[in-house]
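# Report on the structure
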Amino acid sequence: VQLQASGGGLVQAGDSLRLSCAASGRAFSNYVMGWFRQAPGKEREFVSAFRLRSRNTLYADSVKGRFTISGDNAKNTVYLQMNSLKPEDTSVYYCAAGVGIILSSMRLGRAYEYWGQGTQVTVSS
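Below you will find a few notes about this structure. (Residues numbered from 1 in each chain as written. Predicted model: local features only at pLDDT ≥ 70, side-chain atom pairs only at ≥ 80, totals over all residues. Heavy atoms only, no water.)

### Regarding the sheet that holds strand S3 (residues 17-23)
In space, the four strands of this open sheet follow the order S1-S3-S8-S7, with antiparallel pairing throughout. The sheet is open, and its two borders are formed by strand S1 (3-6) and strand S7 (67-72), each paired with just one other strand. Ignoring strand direction, the axes of neighbouring strands in this sheet form an average angle of 15°. Alignment of S1 against S3, held across four bridges, turns out to be antiparallel. Across the sheet, Leu3 pairs through a bridge with Ala23, a residue of S3. (Pairing = 2+ DSSP bridges. Helix = DSSP H or I, 4+ residues; strand = E, 2+ residues; numbered from the N terminus. Axes fitted to C-alpha atoms, helices over the stretch in contact; angles between N-to-C directions.)

### Looking at the nonpolar core
Formed by 37 residues in total, the largest nonpolar core has its most connected members in Met33, Trp35, Leu80, Met82 and Tyr93. Counting residues per element, this core draws most heavily on strand S4 (residues 31-38), which supplies five residues. (Core = buried A, V, L, I, M, F, W, Y, C linked by side-chain atoms within 4.5 Å. Buried < 20%, exposed > 50% of the residue type's maximum accessible area, 1.4 Å probe, protein only.)

### A few points about the state of the cysteines
Per the counting criterion, the structure on display carries one disulfide. What pairs with Cys21 in a disulfide is Cys95, and their sulfur atoms sit 2.2 Å apart. Its S-S torsion of about 65° marks the bond between Cys21 and Cys95 as right-handed, since a negative value means left-handed. Of the two residues, Cys21 sits in strand S3 while Cys95 sits in strand S9 (residues 91-99), which places them 74 residues apart along the sequence. Grouping residues by exposure puts Cys21 and Cys95 together as buried. (Disulfide = S-S within 2.5 Å.)

### Considering the pairing of S4
Side-chain positions along a regular strand alternate between the two faces of the sheet. Among the eight residues of S4, seven are classified as buried, and the element is accordingly described as predominantly covered. As paired elements, S4 and S9 share eight bridges and run antiparallel to each other. Bridge pairing in S9 links Trp35 to Cys95. Relative to strand S5 (residues 45-51), S4 runs antiparallel, the two being bridged by six bridges. Looking at S5, one finds that Phe36 is bridged to Phe46. Hairpin connection between S4 and S5: a loop of six residues separates the two successive antiparallel strands, and Gly41 in this loop has a positive phi of roughly 80°.

### Observations regarding the pattern of salt bridges
Pairing between side chains becomes possible if they bear opposite charge and their charged atoms approach one another. In total, this model carries four salt bridges according to the counting rule given. Across the salt bridge formed by Asp61 and Lys64, the nearest N and O atoms sit 3.3 Å from each other. Take Asp61: its relative accessible area is 66%, and that puts it in the exposed class. When salt bridges with common partners are traced through the structure, they connect Arg37, Glu45, Arg66 and Asp89 into a single cluster. (Salt bridge = Lys/Arg side-chain N within 4 Å of Asp/Glu carboxyl O.)

Structural data, given as structure tokens:
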């Protein structure tokens, strides 16, 4: 599976961005797709995850109510709609994919087998 993340950019606080993660390979609907982010000097952190088959979603507390994850099985693509962006959302955002990830592990980066290259999101104040 290859993942291609896109959609990052430079925006002002309060603006919106939509990130996309396009996946190659078959059986896309069997995957759990996750978004993680890492700011300079900080550890990678979980942002959101989406189980394509059941449409279950999970969010970090810091983005709940502002970010929405969704998927399009026909396009093998997962989206992260980010609204009301804050300067603290500035990070490189990575998408990840894995099979058979249980709910309690969906926040853990080590549970995901495949990773995209990252896309930079910068939010100015």
